[in-house]
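Next come the chains, spelled out residue by residue.
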Amino acid sequence: MSRVRAVELLLVELPLVHPFRTSFGEMREKRCIVVRVETDGAEGWGECVADVRPDFSEEFNDGAWIVLREFLAPALLGADTTDVESAERAFSGVRGHPMAKAALLNAILDAELRSDGTSLASWLGADKARVECGVSIGIAPSTELLLDHVEGYLAEGYRRIKLKIRPGADLERVRAVRATHPNILLSVDANAAYTLADAEVFRSMDDLGLLMIEQPLHHEDLVRHAELQAMLGTALCLDESIRSAAAAAAALELGACRIVNIKQGRVGGVLEARRIHDHCRENGVPVWCGGMLETGVGRALNLALAAMPGFTLPGDTSASARYFEHDLTRPFELASDGTMAVPSEPGIGVSPLPERLRACVSRRDVILPDRKSDKSGGPG
Ligand code: NPG
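Attention here is on the structure that accompanies the text.

What counts, and at which threshold
Residues numbered from 1 in each chain as written. Predicted model: local features only at pLDDT ≥ 70, side-chain atom pairs only at ≥ 80, totals over all residues. Heavy atoms only, no water. Near = heavy atom within 4 Å. Polar contact = N/O pair within 3.5 Å; in protein donor to acceptor, adjacent residues only side chain to side chain. Areas by Shrake-Rupley, 256 points an atom, 1.4 Å probe, with all protein chains shown as cover. Nonpolar A, V, L, I, M, F, W, Y, C, P; charged D, E, K, R; others polar. Helix = DSSP H or I, 4+ residues; strand = E, 2+ residues; numbered from the N terminus. Expected span 1.5 Å × (residues − 1). Buried < 20%, exposed > 50% of the residue type's maximum accessible area, 1.4 Å probe, protein only. Contact = heavy atoms within 4.5 Å. Pairing = 2+ DSSP bridges.

So, the site of the ligand
In the region of the ligand, 16 residues are neighbours, and Ser-136, Asn-191, Lys-263, Leu-293 and Tyr-323 sit closest. A distance of 2.8 Å is found between an oxygen atom of the ligand and a side-chain nitrogen or oxygen belonging to Lys-164. Residue Asp-189 places a side-chain N or O atom 3.5 Å away from an oxygen atom belonging to the ligand. When the free accessible area of the ligand is taken as 430 Å², the share hidden by the protein chains comes to 97%. Taken together, the residues of the shell around the ligand sort by class into seven nonpolar, three polar and six charged.

Section: unusual backbone geometry
Even without a glycine there, the phi angle at Ala-192 is positive, about 65 degrees. Mapping Ala-192 onto the fold places it in the loop between strand S7 (186-189) and helix H7 (199-205). Phi angles above zero are rare outside glycine, and Gln-215 is one such case at about 40 degrees. Following the sequence through the fold, Gln-215 ends up in the loop between strand S8 (212-214) and helix H8 (222-231).

Describing helix H3 (residues 98-116)
Along its 19 residues, H3 runs 26 Å from first to last C-alpha, staying within 8% of the 27 Å computed at 1.5 Å per residue. In terms of burial, H3 is a largely internal element, 16 of the 19 residues being buried. Gly-117 sits one or two positions beyond H3 and adopts a positive phi of about 75 degrees.

Quick look at the environment of Glu-156
With respect to the element layout, Glu-156 can be found in helix H5 (residues 143-156). Taking the relative accessible area as the measure of exposure, Glu-156 reaches 42% and is therefore partly exposed. Put simply, Glu-156 and Val-67 are 89 residues apart on the chain and 40 Å apart in space, counted from C-alpha to C-alpha. In contact with Glu-156, not counting residues within four places along its chain, are Leu-334, Ala-335 and Ser-336.

Details of the pairing of strand S1 (residues 4-22)
Bridge analysis of S1 against strand S2 (residues 25-39) gives 14 bridges, and the strand direction is antiparallel. The residue bridging Val-7 from the neighbouring strand is Val-37, located in S2. Linkage of S1 to S2, two consecutive antiparallel strands, is achieved through a turn of two residues. Pairing between S1 and strand S13 (residues 361-367): six bridges, direction antiparallel. From the neighbouring strand, Val-7 faces S13, where its bridge partner is Ile-367.

It is worth stressing that arrangement in space is one thing and function is another; only the former is reported here.
Here it is in structure tokens:
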């Protein structure tokens, strides 16, 4: 393998075409760290799924920036050789921070695969050239507007609709969507906004034929999820609770869910995502690929992952146009049958476009082997 010569951190900012509202807040722009590594053989790209605030998880951009600059990049820059497995081991001394780790590990893997001329999808043993796509719809101001959004996305071809819910904007809205579209694949996502005292809300959803109810309760509470799952016919799916393969194994053993949302960026990168996939597959548990409104860098990687054999449900792998007027990379497009092509070029198969980087990067830091850094731009 080869040495890592430089790690570059870029803070990118892209306006969203529509604000995205969840039970924990509203996003109007995508602001994330994109990592570029330079090895002897190639360059590689990775994206950190953390956001400005520590609301979805403890990680956030400014914290991830420090972890990458002070701990993760220096752990690789001194080594004679670096491949993705040895990089993952080199990070084991840093507790937590899976989003920061994922960004750098994925960039290392991308560089490795680009220099070998292998696509990420084939390296992962993907068995599909195209994947089925779903769309996640934020909490709308009214049921009427929500029905309009659903209609529009179905017309574009999306094969599964996921509705964000929160207390006060749940049952009545889901019933309205189901009444209008009796046969679509429909799921809901609470982003941990409920407690077990709200079990009745979910019991009332049991006759709506939902594909799944995602992350109803607190992310640390696997035991209560198991209690809730035992009360319901509908499958629970966990997202925020699954931060590692160990957490996924514990959730399955406890009966806390029957479906797992795999977000490689949340679990520490593609290697850990593959372990979760393998464990779920061995146990007959379906998985699907979640999304964090990634730019094309993260989206390319998600598509390769979603093409693995255990990913049997449509993912939150929507088209670039659903998020951005101009993506950071070439745009990803949805075919009218609701599928998207998995990149087949070496590595993740796409790179940020130089003109988009010029327009979107607000902060930059290059970390070199002597650990001196060359900074430009103000704090992000
Ligand atoms: O299409 O990428 C997408 C968004 C999918 O709903 C989605 N993501 O909780 O899964 C989630 C949610 C999310 C987005 C969470 C951004 C945190 C930040």
